[in-house]
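Survey of secondary and tertiary structure
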Amino acid sequence: MNLQELLHKDELTRDEIIYLLHLTDKEDLQQLYARADEVRAQYCGDEVHLRGIIEISNFCEQNCVYCGLRQDNNSLPRYRMTPEEVIETARIITNLGIFTIVLQSGEDNHFDTDIISYIIYQIRQQSNAAITLSLGERTFDEYRAWKIAGADRYLLKHETANANLYESYHLKQKLSERVDHLKFLKSIGYQIGSGNLIGLPMQTSEDLADDILLCKELDLDMAAFGPFIPSPNTPYQHKLSGEAELTLKVTAIARLVLKKVHIPATTALDTIDPIGRERGLTAGANIVMPDLTPFPYREQYQIYPGKRGSQDDPLESTARLQKRIEALGRKISYKRGDSLKLDLQQPL
Ligand code: SAM
Ligand code: SF4
C-alpha cells in the first residue's frame, strides 16, 4: 500500500499508526499534514473555535514529575483568584465574543464543591457560554454537583496511555483511575476532553500510538496533544523537550483516527515553535485556547517556562492570535463550539 492509500484508509491499525509516526521524509510529512487538514475540513469545517482560559489557582496537591505547579515546587509564588475576579474575567471573555470559558487550576481543594458551583452558577447567569472545567481529578460527587450547577465539559488529559510510565510520572495516581474518571464524567453528560504529552522521558512511538487509540476508545469530544517542556524545580528539569514535528505528527494522525473531534493547536506547541499555532491548525487542529487570565496571575501559572503570551496583555495577545488565525484564511467562530458528536449530521 502506498502512503496516499494508507492516509485514505477509514481505520488505521496500531502498526499503521506507528509507521506514520516514523515518517521523516519532508514530502511524506507534507502529505500526512495535507490529508489531516482535508479530514479536519470535512468533519469540522473551516471555523476555528476559541476557548478562553482562566487559570483560577496555581496551588496543587499533586506532584506530577513534569509540572511546574507540582506541590513540592517551593520556588513558585502561589495565588488563588477570588470568585468575583473569576466571574468578572468570564464576563470580559464573553464580551470578546468567546463563548467557551475554561476554568483551570492545579488540584486545589480550597476551590471546593460550593465555591466552584457558585462560580459556575454566576457565569451561567451572565451568558450562555459553555463552561469547561479543568481542575484535575476530583470526587465523583463534585463532578455531579458541578454538572447540576451548569458545567458542560471536563478536560482531564490521560497524559500517557502506558500504565507503567503513568505511575512513574504521577507516583500517587493510576492510569486506570484516570480512565474511570473520564468514563464517569461522560456517563453523567459532560463533553469530555483528554489527550497526552508528547516527548516525555522514556516514551516510545508505541506509547504514542496507544495514546491515540485510547482517545478513540474513550470516544472523546476533544483531544489535546502538547509537547512536554522541561520545567525548572521539577525532577524533569534537565530532560529534553518534546519536538514540534512529533507533536504535529501525533496531531495529524489523531485527526485521521478520531475524525469528528475537536483538536486544539496548543500553547505548548506555539511556545516551542514560533509558528506552532499555524502548523497545528494546518495539520488537523480546529481549536485555539487563548489564555485570558489577568495579571499578575498569568505570569505565576508556570506549568513550564516561557509560556507564549504569559508576559503579554491578555486582550492584546488574544487579538494577535485572532489575526494569526485569520491570516491562514480560517474563520473565527463566535459560537460555543459544542461537541461535534452532539448532532447526528453527516460530515459537512
Ligand atoms: N491540574 C489539572 C490537570 O492536571 O488536569 C489542570 C492543570 S494542568 C497544569 C494542565 C495540563 O498541563 C496537564 O494536563 C499537562 O498535560 C500539562 N503540563 C503539565 N506540565 C507540563 C509541561 N512541563 N510541559 C507541557 N505541558 C505540561
Ligand atoms: Fe498539578 Fe495538574 Fe500540574 Fe499535575 S499537571 S502537578 S495535577 S497542575
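As shown above, the structure is provided for reference.
Below or above, wherever it landed, is the structure these notes cover.

**Describing the sheet that holds strand 6 (residues 191-198)**
The strand order across the open sheet formed by six strands is 2-3-4-5-6-7, and the pairing between neighbours is parallel. Each edge of the sheet is formed by a strand with only one pairing partner; in this case those strands are strand 2 (52-57) and strand 7 (222-227). For this sheet the average axis-to-axis angle between neighbouring strands, irrespective of direction, equals 20°. Pairing geometry for strand 4 (residues 130-134) and strand 5 (residues 153-155), over two bridges, is parallel. Residue pairing for strand 5: Thr132 is matched across the bridge by Arg153. Here helix 8 (residues 175-187) sits on the sheet in contact with strand 5 and strand 6, set at roughly 155° to strand 6.

**Looking at the site of ligand 1**
Near ligand 1 lie 16 residues; those nearest to it are Tyr66, Ser105, Lys157, Glu159 and Ile229. Here a nitrogen atom of ligand 1 sits 2.9 Å away from a polar atom, N or O, in the main chain of Tyr66. Bound to the protein, ligand 1 loses 91% of the 550 Å² it would expose on its own. Taken together, the residues of the shell around ligand 1 sort by class into nine nonpolar, five polar and two charged.

About the cut-offs
Residues numbered from 1 in each chain as written. Chains lettered and ligands numbered in written order. Predicted model: local features only at pLDDT ≥ 70, side-chain atom pairs only at ≥ 80, totals over all residues. Heavy atoms only, no water. Pairing = 2+ DSSP bridges. Helix = DSSP H or I, 4+ residues; strand = E, 2+ residues; numbered from the N terminus. Axes fitted to C-alpha atoms, helices over the stretch in contact; angles between N-to-C directions. Contact = heavy atoms within 4.5 Å. Near = heavy atom within 4 Å. Polar contact = N/O pair within 3.5 Å; in protein donor to acceptor, adjacent residues only side chain to side chain. Areas by Shrake-Rupley, 256 points an atom, 1.4 Å probe, with all protein chains shown as cover. Nonpolar A, V, L, I, M, F, W, Y, C, P; charged D, E, K, R; others polar.

None of the figures reported here should be taken as evidence of function without further support.
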